[in-house]
Amino acid sequence: MLVLGIETSCDETGIALFDTQEGLLSHALHSQIAMHNEYGGVVPELASRDHIRRILPLIQQTLFSANRSLNQINAIAYTQGPGLAGALLVGASVGSALSYALNIPAIGIHHLEGHLLSPLLSTPAPTFPFVALLVSGGHTQLMRVNSIGQYELLGETVDDAAGEAFDKTAKLLGLGYPGGAALSKLAQQGQSGRFKLPRPMLNSGNLNFSFSGLKTAVLTLTNKHQSTPQTLADIALAFQEAIVEVLIEKSLSALSQTNLKQLVVAGGVGANDQLRKKLSLKANKAGITVFYPELEFCTDNGAMIALAGALRLQAEHNNKLSQPTRSFTVRPRWNLAELTFTHDR
Ligand code: KG4
Ligand code: ZN
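Residues numbered from 1 in each chain as written. Chains lettered and ligands numbered in written order. Predicted model: local features only at pLDDT ≥ 70, side-chain atom pairs only at ≥ 80, totals over all residues. Heavy atoms only, no water.

S.K.: Give a detailed account of the sheet that holds strand β4 (residues 75-81), specifying residues and quantitative values.
M.R.: Spatially, the 5 strands line up as an open sheet ordered β3-β2-β1-β4-β5, and their pairing is mixed. Because the sheet does not close on itself, it has two edges, and the strands there are β3 (23-31) and β5 (106-110). Sheet twist, expressed as the average angle between the axes of neighbouring strands with direction ignored, equals 20°. When strand β1 (residues 2-7) meets strand β2 (residues 12-19), the two strands line up antiparallel, connected through 6 bridges. Within the sheet, the bridge partner assigned to V3 lies in β2 and is F18. (Pairing = 2+ DSSP bridges. Helix = DSSP H or I, 4+ residues; strand = E, 2+ residues; numbered from the N terminus. Axes fitted to C-alpha atoms, helices over the stretch in contact; angles between N-to-C directions.)

Dropping the structure here:
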(Lines give C-alpha, C1' and ligand atoms only; values in the text may rest on other atoms or scores of the structure.)
(Ligands and ions follow the chains in the order given, each with its own letter.)
Protein backbone atom coordinates (compact mmCIF):
# COMPACT_ATOMS: atom_id res chain seq x y z
CA MET A 1 0.00 0.00 0.00
CA LEU A 2 1.40 3.38 -1.06
CA VAL A 3 0.46 6.28 1.26
CA LEU A 4 0.95 9.98 0.57
CA GLY A 5 1.59 11.90 3.81
CA ILE A 6 0.80 15.61 4.15
CA GLU A 7 1.89 17.74 7.13
CA THR A 8 0.83 21.40 7.35
CA SER A 9 0.04 21.94 11.04
CA CYS A 10 2.38 24.85 11.65
CA ASP A 11 5.33 26.35 9.78
CA GLU A 12 6.59 23.41 7.74
CA THR A 13 5.05 21.90 4.62
CA GLY A 14 6.08 18.24 4.72
CA ILE A 15 5.20 15.65 2.07
CA ALA A 16 6.21 11.97 1.92
CA LEU A 17 5.48 8.70 0.17
CA PHE A 18 5.51 5.63 2.40
CA ASP A 19 5.09 2.12 1.07
CA THR A 20 4.07 -0.61 3.52
CA GLN A 21 6.41 -3.09 1.77
CA GLU A 22 9.33 -0.89 0.83
CA GLY A 23 9.24 1.74 3.61
CA LEU A 24 9.83 5.43 3.05
CA LEU A 25 10.30 6.09 -0.68
CA SER A 26 10.79 9.85 -0.66
CA HIS A 27 10.02 12.97 1.29
CA ALA A 28 10.30 16.73 0.88
CA LEU A 29 10.04 19.65 3.25
CA HIS A 30 9.72 23.39 3.01
CA SER A 31 10.42 25.28 6.21
CA GLN A 32 8.90 28.74 6.69
CA ILE A 33 11.31 29.63 9.49
CA ALA A 34 13.12 32.31 7.49
CA MET A 35 9.79 33.96 6.62
CA HIS A 36 8.50 34.05 10.23
CA ASN A 37 11.87 34.91 11.75
CA GLU A 38 11.54 38.64 11.14
CA TYR A 39 8.27 38.68 13.15
CA GLY A 40 9.80 36.75 16.07
CA GLY A 41 7.29 33.91 15.80
CA VAL A 42 4.84 32.17 13.48
CA VAL A 43 2.28 34.47 11.80
CA PRO A 44 -0.68 32.12 11.19
CA GLU A 45 -2.05 33.88 8.08
CA LEU A 46 1.36 33.93 6.41
CA ALA A 47 1.81 30.26 7.31
CA SER A 48 -1.47 29.25 5.59
CA ARG A 49 -0.68 31.23 2.45
CA ASP A 50 2.78 29.72 2.20
CA HIS A 51 1.43 26.16 2.59
CA ILE A 52 -0.89 26.89 -0.35
CA ARG A 53 2.06 28.00 -2.47
CA ARG A 54 4.27 25.02 -1.58
CA ILE A 55 2.02 22.01 -1.26
CA LEU A 56 1.39 21.00 -4.89
CA PRO A 57 4.99 21.48 -6.13
CA LEU A 58 6.20 19.46 -3.11
CA ILE A 59 3.76 16.63 -3.88
CA GLN A 60 5.01 16.61 -7.47
CA GLN A 61 8.62 16.63 -6.31
CA THR A 62 8.00 13.74 -3.89
CA LEU A 63 6.31 11.64 -6.59
CA PHE A 64 9.10 12.42 -9.04
CA SER A 65 11.89 11.39 -6.61
CA ALA A 66 10.09 8.13 -5.82
CA ASN A 67 9.45 7.52 -9.51
CA ARG A 68 5.73 7.12 -8.84
CA SER A 69 2.63 8.75 -10.30
CA LEU A 70 -0.52 10.06 -8.61
CA ASN A 71 -2.63 7.10 -9.70
CA GLN A 72 -0.31 4.65 -7.91
CA ILE A 73 -1.19 6.14 -4.50
CA ASN A 74 -3.55 3.92 -2.46
CA ALA A 75 -4.36 6.29 0.41
CA ILE A 76 -3.73 9.77 1.76
CA ALA A 77 -2.79 10.71 5.32
CA TYR A 78 -2.96 14.37 6.33
CA THR A 79 -2.44 16.11 9.67
CA GLN A 80 -5.92 16.85 11.01
CA GLY A 81 -4.74 18.52 14.24
CA PRO A 82 -3.66 19.90 16.60
CA GLY A 83 -2.17 23.02 15.04
CA LEU A 84 -3.08 26.30 13.36
CA ALA A 85 -6.58 26.08 11.89
CA GLY A 86 -5.76 27.82 8.61
CA ALA A 87 -2.55 25.85 8.11
CA LEU A 88 -4.29 22.54 8.86
CA LEU A 89 -7.06 23.39 6.39
CA VAL A 90 -4.57 23.56 3.51
CA GLY A 91 -3.31 19.99 4.03
CA ALA A 92 -6.77 18.66 4.88
CA SER A 93 -8.42 20.18 1.81
CA VAL A 94 -5.70 19.13 -0.63
CA GLY A 95 -5.62 15.63 0.89
CA SER A 96 -9.40 15.30 0.75
CA ALA A 97 -9.63 16.68 -2.80
CA LEU A 98 -7.01 14.16 -3.97
CA SER A 99 -8.84 11.39 -2.16
CA TYR A 100 -12.07 12.27 -3.94
CA ALA A 101 -10.45 12.72 -7.33
CA LEU A 102 -8.43 9.49 -7.12
CA ASN A 103 -11.22 7.54 -5.40
CA ILE A 104 -8.97 6.43 -2.55
CA PRO A 105 -9.34 6.80 1.24
CA ALA A 106 -8.00 9.76 3.19
CA ILE A 107 -7.23 9.60 6.88
CA GLY A 108 -6.80 12.51 9.31
CA ILE A 109 -3.80 11.97 11.57
CA HIS A 110 -3.06 13.44 15.00
CA HIS A 111 0.19 15.38 14.67
CA LEU A 112 1.57 14.02 17.95
CA GLU A 113 0.75 10.46 16.96
CA GLY A 114 2.99 11.10 13.97
CA HIS A 115 5.77 12.32 16.26
CA LEU A 116 5.53 9.43 18.67
CA LEU A 117 5.53 6.80 15.93
CA SER A 118 8.40 8.50 14.04
CA PRO A 119 11.15 6.25 15.54
CA LEU A 120 9.43 3.37 13.71
CA LEU A 121 10.88 4.87 10.51
CA SER A 122 14.36 3.81 11.69
CA THR A 123 15.96 0.47 12.47
CA PRO A 124 16.12 -0.93 15.04
CA ALA A 125 12.59 0.19 15.84
CA PRO A 126 10.91 -0.05 19.25
CA THR A 127 8.24 -2.69 19.80
CA PHE A 128 4.94 -2.08 21.63
CA PRO A 129 4.48 -1.29 24.47
CA PHE A 130 6.89 1.58 25.15
CA VAL A 131 7.04 4.94 26.94
CA ALA A 132 7.20 8.04 24.74
CA LEU A 133 8.54 11.42 25.75
CA LEU A 134 6.93 13.94 23.40
CA VAL A 135 8.83 17.19 23.49
CA SER A 136 7.78 19.64 20.79
CA GLY A 137 7.16 23.36 20.52
CA GLY A 138 3.59 23.01 21.74
CA HIS A 139 3.63 19.85 23.87
CA THR A 140 5.53 18.08 26.62
CA GLN A 141 3.97 14.76 27.51
CA LEU A 142 4.92 11.33 28.75
CA MET A 143 2.74 8.65 27.20
CA ARG A 144 2.44 4.92 27.57
CA VAL A 145 2.09 3.62 24.02
CA ASN A 146 0.38 0.23 24.08
CA SER A 147 -0.23 -0.14 20.33
CA ILE A 148 -1.32 1.99 17.38
CA GLY A 149 -4.03 4.31 18.70
CA GLN A 150 -3.71 3.17 22.34
CA TYR A 151 -2.04 6.04 24.14
CA GLU A 152 -2.22 6.62 27.86
CA LEU A 153 -1.19 9.99 29.26
CA LEU A 154 1.24 9.58 32.18
CA GLY A 155 2.14 13.21 32.71
CA GLU A 156 2.40 16.57 30.94
CA THR A 157 3.44 20.15 31.38
CA VAL A 158 1.18 22.32 33.48
CA ASP A 159 2.32 25.48 31.64
CA ASP A 160 4.94 26.00 28.90
CA ALA A 161 6.09 23.14 26.66
CA ALA A 162 9.82 22.34 26.67
CA GLY A 163 10.26 23.69 23.12
CA GLU A 164 8.31 26.81 24.02
CA ALA A 165 10.62 27.33 27.03
CA PHE A 166 13.64 26.95 24.73
CA ASP A 167 12.14 29.44 22.27
CA LYS A 168 11.18 32.04 24.89
CA THR A 169 14.56 31.77 26.63
CA ALA A 170 16.36 32.01 23.30
CA LYS A 171 14.46 35.23 22.64
CA LEU A 172 15.57 36.62 26.02
CA LEU A 173 19.15 35.80 25.07
CA GLY A 174 18.78 37.66 21.77
CA LEU A 175 18.62 34.57 19.52
CA GLY A 176 16.22 34.22 16.58
CA TYR A 177 13.05 32.16 16.21
CA PRO A 178 12.67 29.25 16.80
CA GLY A 179 15.55 29.39 19.20
CA GLY A 180 15.95 25.83 20.49
CA ALA A 181 18.73 24.79 18.15
CA ALA A 182 20.50 28.18 18.41
CA LEU A 183 20.33 28.12 22.21
CA SER A 184 21.75 24.62 22.25
CA LYS A 185 24.61 25.75 19.99
CA LEU A 186 25.34 28.73 22.25
CA ALA A 187 25.31 26.44 25.32
CA GLN A 188 28.24 24.51 23.83
CA GLN A 189 30.43 27.56 24.64
CA GLY A 190 29.09 27.76 28.21
CA GLN A 191 30.93 26.89 31.43
CA SER A 192 29.06 24.41 33.53
CA GLY A 193 28.61 25.33 37.21
CA ARG A 194 28.74 29.14 36.93
CA PHE A 195 24.96 29.43 37.21
CA LYS A 196 22.53 26.91 38.63
CA LEU A 197 18.84 27.20 37.80
CA PRO A 198 15.98 25.44 39.60
CA ARG A 199 14.76 21.98 38.49
CA PRO A 200 11.01 22.67 38.44
CA MET A 201 8.77 19.89 39.78
CA LEU A 202 11.65 17.43 39.94
CA ASN A 203 10.37 16.11 43.25
CA SER A 204 6.66 16.67 42.64
CA GLY A 205 5.91 12.98 43.06
CA ASN A 206 4.11 12.83 39.70
CA LEU A 207 5.10 12.88 36.04
CA ASN A 208 4.07 16.46 35.32
CA PHE A 209 6.38 19.27 34.25
CA SER A 210 6.49 23.04 34.61
CA PHE A 211 8.85 25.18 32.55
CA SER A 212 7.46 28.71 32.65
CA GLY A 213 9.42 29.60 35.81
CA LEU A 214 12.74 28.87 34.10
CA LYS A 215 12.46 31.76 31.68
CA THR A 216 11.76 34.10 34.61
CA ALA A 217 14.88 32.74 36.33
CA VAL A 218 16.81 33.40 33.11
CA LEU A 219 15.39 36.94 32.94
CA THR A 220 16.58 37.60 36.50
CA LEU A 221 20.08 36.38 35.57
CA THR A 222 20.25 38.49 32.42
CA ASN A 223 19.17 41.58 34.41
CA LYS A 224 21.80 40.92 37.08
CA HIS A 225 24.79 40.29 34.82
CA GLN A 226 26.32 42.14 31.91
CA SER A 227 25.45 40.33 28.72
CA THR A 228 28.93 39.42 27.54
CA PRO A 229 29.05 36.54 25.03
CA GLN A 230 30.49 34.26 27.74
CA THR A 231 27.74 35.13 30.25
CA LEU A 232 25.02 34.52 27.66
CA ALA A 233 26.57 31.13 26.85
CA ASP A 234 26.82 30.26 30.56
CA ILE A 235 23.15 31.15 31.08
CA ALA A 236 22.14 29.14 27.99
CA LEU A 237 23.99 26.13 29.36
CA ALA A 238 22.46 26.49 32.85
CA PHE A 239 18.98 26.66 31.29
CA GLN A 240 19.60 23.64 29.08
CA GLU A 241 21.04 21.62 31.97
CA ALA A 242 17.95 22.32 34.10
CA ILE A 243 15.45 21.35 31.41
CA VAL A 244 17.43 18.28 30.32
CA GLU A 245 17.75 16.97 33.88
CA VAL A 246 14.01 17.27 34.53
CA LEU A 247 13.13 15.59 31.21
CA ILE A 248 15.52 12.71 31.91
CA GLU A 249 14.50 12.12 35.53
CA LYS A 250 10.77 12.18 34.75
CA SER A 251 11.24 9.84 31.77
CA LEU A 252 13.16 7.35 33.92
CA SER A 253 10.43 7.55 36.60
CA ALA A 254 7.80 6.86 33.94
CA LEU A 255 9.73 3.79 32.83
CA SER A 256 10.08 2.45 36.34
CA GLN A 257 6.40 3.14 37.13
CA THR A 258 5.23 1.31 34.01
CA ASN A 259 7.90 -1.35 34.32
CA LEU A 260 8.84 -0.84 30.65
CA LYS A 261 12.33 -0.90 29.20
CA GLN A 262 11.96 1.09 25.98
CA LEU A 263 11.78 4.88 25.69
CA VAL A 264 10.97 6.80 22.53
CA VAL A 265 11.94 10.48 22.40
CA ALA A 266 10.00 12.43 19.80
CA GLY A 267 9.39 16.05 18.80
CA GLY A 268 11.74 18.93 18.01
CA VAL A 269 13.46 19.08 21.42
CA GLY A 270 14.45 15.45 20.83
CA ALA A 271 17.08 16.89 18.46
CA ASN A 272 18.87 18.40 21.47
CA ASP A 273 22.37 17.06 21.65
CA GLN A 274 22.83 17.28 25.43
CA LEU A 275 19.48 15.58 26.04
CA ARG A 276 20.46 12.72 23.73
CA LYS A 277 23.92 12.25 25.25
CA LYS A 278 22.93 12.42 28.91
CA LEU A 279 19.77 10.40 28.46
CA SER A 280 21.53 7.60 26.60
CA LEU A 281 24.19 7.42 29.32
CA LYS A 282 21.70 7.26 32.20
CA ALA A 283 19.31 4.95 30.40
CA ASN A 284 22.07 2.49 29.53
CA LYS A 285 22.92 2.16 33.20
CA ALA A 286 19.27 1.45 34.00
CA GLY A 287 18.97 -1.18 31.25
CA ILE A 288 16.70 1.05 29.16
CA THR A 289 16.90 1.30 25.37
CA VAL A 290 16.24 4.78 23.99
CA PHE A 291 14.93 5.24 20.45
CA TYR A 292 15.24 8.56 18.65
CA PRO A 293 13.87 9.40 15.25
CA GLU A 294 16.50 10.37 12.66
CA LEU A 295 17.33 14.06 13.20
CA GLU A 296 15.37 15.12 10.10
CA PHE A 297 12.27 13.34 11.47
CA CYS A 298 12.51 14.91 14.95
CA THR A 299 11.01 18.19 13.80
CA ASP A 300 7.83 18.37 11.73
CA ASN A 301 7.81 16.29 8.54
CA GLY A 302 5.50 14.42 6.17
CA ALA A 303 7.15 11.02 6.67
CA MET A 304 5.79 10.54 10.19
CA ILE A 305 2.27 11.39 8.98
CA ALA A 306 2.49 8.96 6.04
CA LEU A 307 3.79 6.26 8.40
CA ALA A 308 1.05 6.84 11.01
CA GLY A 309 -1.55 6.77 8.21
CA ALA A 310 -0.17 3.53 6.78
CA LEU A 311 -0.13 1.83 10.20
CA ARG A 312 -3.68 2.94 10.97
CA LEU A 313 -4.98 1.89 7.58
CA GLN A 314 -3.31 -1.51 7.92
CA ALA A 315 -4.83 -1.94 11.37
CA GLU A 316 -8.28 -0.85 10.25
CA HIS A 317 -8.34 -2.14 6.68
CA ASN A 318 -11.88 -3.47 6.68
CA ASN A 319 -13.83 -0.47 7.98
CA LYS A 320 -15.42 2.61 6.45
CA LEU A 321 -12.05 4.12 5.62
CA SER A 322 -11.99 2.27 2.34
CA GLN A 323 -14.34 4.97 1.04
CA PRO A 324 -12.95 8.20 -0.43
CA THR A 325 -13.50 11.36 1.60
CA ARG A 326 -16.46 13.59 0.81
CA SER A 327 -16.10 15.98 3.71
CA PHE A 328 -13.43 16.87 6.24
CA THR A 329 -12.81 18.82 9.42
CA VAL A 330 -9.67 20.00 11.15
CA ARG A 331 -9.09 19.83 14.90
CA PRO A 332 -6.83 22.71 15.98
CA ARG A 333 -7.16 21.50 19.59
CA TRP A 334 -7.11 17.77 20.02
CA ASN A 335 -6.08 15.62 22.96
CA LEU A 336 -3.90 12.65 22.00
CA ALA A 337 -5.31 10.46 24.76
CA GLU A 338 -8.75 10.78 23.07
CA LEU A 339 -7.50 8.76 20.09
CA THR A 340 -8.76 5.25 19.74
CA PHE A 341 -7.83 2.24 17.70
CA THR A 342 -10.96 2.43 15.59
CA HIS A 343 -11.00 5.42 13.32
CA ASP A 344 -14.21 7.02 14.52
CA ARG A 345 -13.83 10.70 13.82
O1 KG4 B 1 8.14 19.09 16.86
P2 KG4 B 1 8.47 20.45 16.36
O3 KG4 B 1 9.19 20.56 15.05
O4 KG4 B 1 7.21 21.33 16.18
C5 KG4 B 1 6.08 21.25 16.95
O6 KG4 B 1 5.25 20.35 16.67
O7 KG4 B 1 6.00 22.07 17.88
O8 KG4 B 1 9.29 21.16 17.52
C9 KG4 B 1 9.78 22.46 17.39
C10 KG4 B 1 10.45 22.84 18.70
C11 KG4 B 1 10.82 24.32 18.77
O12 KG4 B 1 10.38 24.82 20.00
C13 KG4 B 1 12.34 24.30 18.67
O14 KG4 B 1 12.96 25.38 19.34
C15 KG4 B 1 12.69 22.98 19.33
O16 KG4 B 1 11.68 22.11 18.87
N17 KG4 B 1 14.02 22.49 18.95
C18 KG4 B 1 15.03 22.32 19.83
C19 KG4 B 1 16.14 21.87 19.09
N20 KG4 B 1 15.77 21.78 17.78
C21 KG4 B 1 14.46 22.15 17.72
N22 KG4 B 1 15.07 22.51 21.16
C23 KG4 B 1 16.23 22.23 21.78
N24 KG4 B 1 17.35 21.82 21.15
C25 KG4 B 1 17.36 21.62 19.81
N26 KG4 B 1 18.47 21.20 19.19
ZN1 ZN C 1 5.56 18.79 15.70
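There is more to say after this.
S.K.: Could you give an account of the pairing of β4, with specific residues and numbers?
M.R.: Of all the 7 residues making up β4, 7 are buried; the element is thus mostly covered by neighbouring parts of the structure. In this structure, β1 lies alongside β4, joined through 4 bridges in parallel fashion. Counted as the bridge partner of G5 is A77 from β4. Alignment of β4 against β5, held across 5 bridges, turns out to be parallel. Considered in β5, the bridge of A77 is made with I107. (Buried < 20%, exposed > 50% of the residue type's maximum accessible area, 1.4 Å probe, protein only.)

S.K.: An account of the site of ligand 1 is needed here, citing residue identities and associated values.
M.R.: Taken together, 18 residues sit near ligand 1, with G137, D167, G180, G268 and N272 positioned nearest. In this structure, D167 approaches ligand 1 through a side-chain N or O atom, which is 2.6 Å from an oxygen atom. Within the complex, the protein chains bury 86% of what would otherwise be the 560 Å² of accessible surface of ligand 1. Elements represented by at least two residues in the shell around ligand 1 include exactly α4 (111-117), α5 (162-172) and α6 (180-187). (Near = heavy atom within 4 Å. Polar contact = N/O pair within 3.5 Å; in protein donor to acceptor, adjacent residues only side chain to side chain. Areas by Shrake-Rupley, 256 points an atom, 1.4 Å probe, with all protein chains shown as cover.)

S.K.: Just give me the short version of the packing of aromatic side chains, but keep the residues and values in it.
M.R.: Within the structure shown, the criterion is met by 3 aromatic pairs. Relative to F130, the ring of F128 has its centre 5.5 Å away and its plane inclined at 15°; by these criteria the two rings are stacked. Residue F130 is classed as buried on the basis of its relative accessible area, which comes to 0%. Between F166 and F239 the ring centres are 5.2 Å apart and the planes differ by 85°, which places this aromatic pair in the edge-to-face class. Residue F166 is found in helix α5, and its partner F239 is found in helix α8 (residues 229-258); the two are separated by 73 residues along the sequence. (Phe/Tyr/Trp six-rings, centres within 6.5 Å; stacked < 30°, edge-to-face > 60°.)

S.K.: Tell me about the coordination of the zinc ion (ligand 2), residues and numbers included.
M.R.: In the first shell of the zinc ion (ligand 2), the protein supplies H111 (NE2), H115 (NE2) and D300 (OD), at 2.0 to 2.1 Å from the metal. Coordination at the zinc ion (ligand 2) is irregular, judged from the 4 donor atoms that bind it and the angles of 93 to 143° they form at the metal. In the primary sequence, the donor residues of the zinc ion (ligand 2) line up as H-x3-H-x184-D. Taken together, the residues H111 in helix α4 and D300 in the loop between β10 (289-291) and α10 (303-315) connect sequence positions 189 residues apart. Across this residue pair, the class does not change: H111 and D300 are buried. (Donors = N, O, S within 2.8 Å, 3.2 Å for Na, K, Ca; no water. Tetrahedral: all angles 85-135°; square planar, octahedral: opposite > 155°, others 65-115°.)

S.K.: Provide a residue-level description of the sheet that holds strand β7 (residues 140-147), including the pertinent values.
M.R.: The sheet built from 5 strands is open, its strands ordered β8-β7-β6-β9-β10 with mixed pairing. The outermost strands of the open sheet, each flanked by one partner alone, are β8 (150-156) and β10. Each neighbouring strand pair of the sheet contributes to a mean axis angle of 25°, computed without reference to strand direction. Here strand β9 (residues 262-266) pairs with β10 via 3 bridges, running parallel. Opposite Q262, over in β10, you have T289 as the bridge partner. On top of the sheet, α8 reaches β6 (130-135), β7, β8 and β9; it is set at about 155° to β6, its chief contact. (Contact = heavy atoms within 4.5 Å.)

S.K.: Go over the domain arrangement of the protein with me, naming the residues and quoting the values.
M.R.: Put simply, an interface is often sized by how much accessible area is lost when its parts join up. We note that the domain assignment places domain 1 (2-116 + 298-338) and domain 2 (126-292) within the protein. Distance from the C-alpha centre of domain 1 to the C-alpha centre of domain 2: 27 Å. The interface of domain 1 with domain 2 comprises 17 residues on the first partner and 23 residues on the second. Carbon and sulfur atoms supply 71% of the area that domain 1 and domain 2 bury against each other, a total of about 1600 Å² over both sides. For the domain 1 face of the interface with domain 2, the top three residues by lost area are L112, L116 and C298, together amounting to 36%. (Domains from an automatic or database assignment. Buried area = accessible area lost by both parts, 1.4 Å probe.)

S.K.: Provide a residue-level description of the environment of A87, including the pertinent values.
M.R.: Structurally, the position occupied by A87 is in helix α3 (residues 85-102). The class of A87 is buried, set by a relative accessible area of 0%. For the pair A87 and I55, spaced 32 residues apart in the sequence, the C-alpha separation amounts to 11 Å. Ignoring sequence-local partners within four residues, the contact set of A87 consists of T8, S9, C10, S48 and H51.

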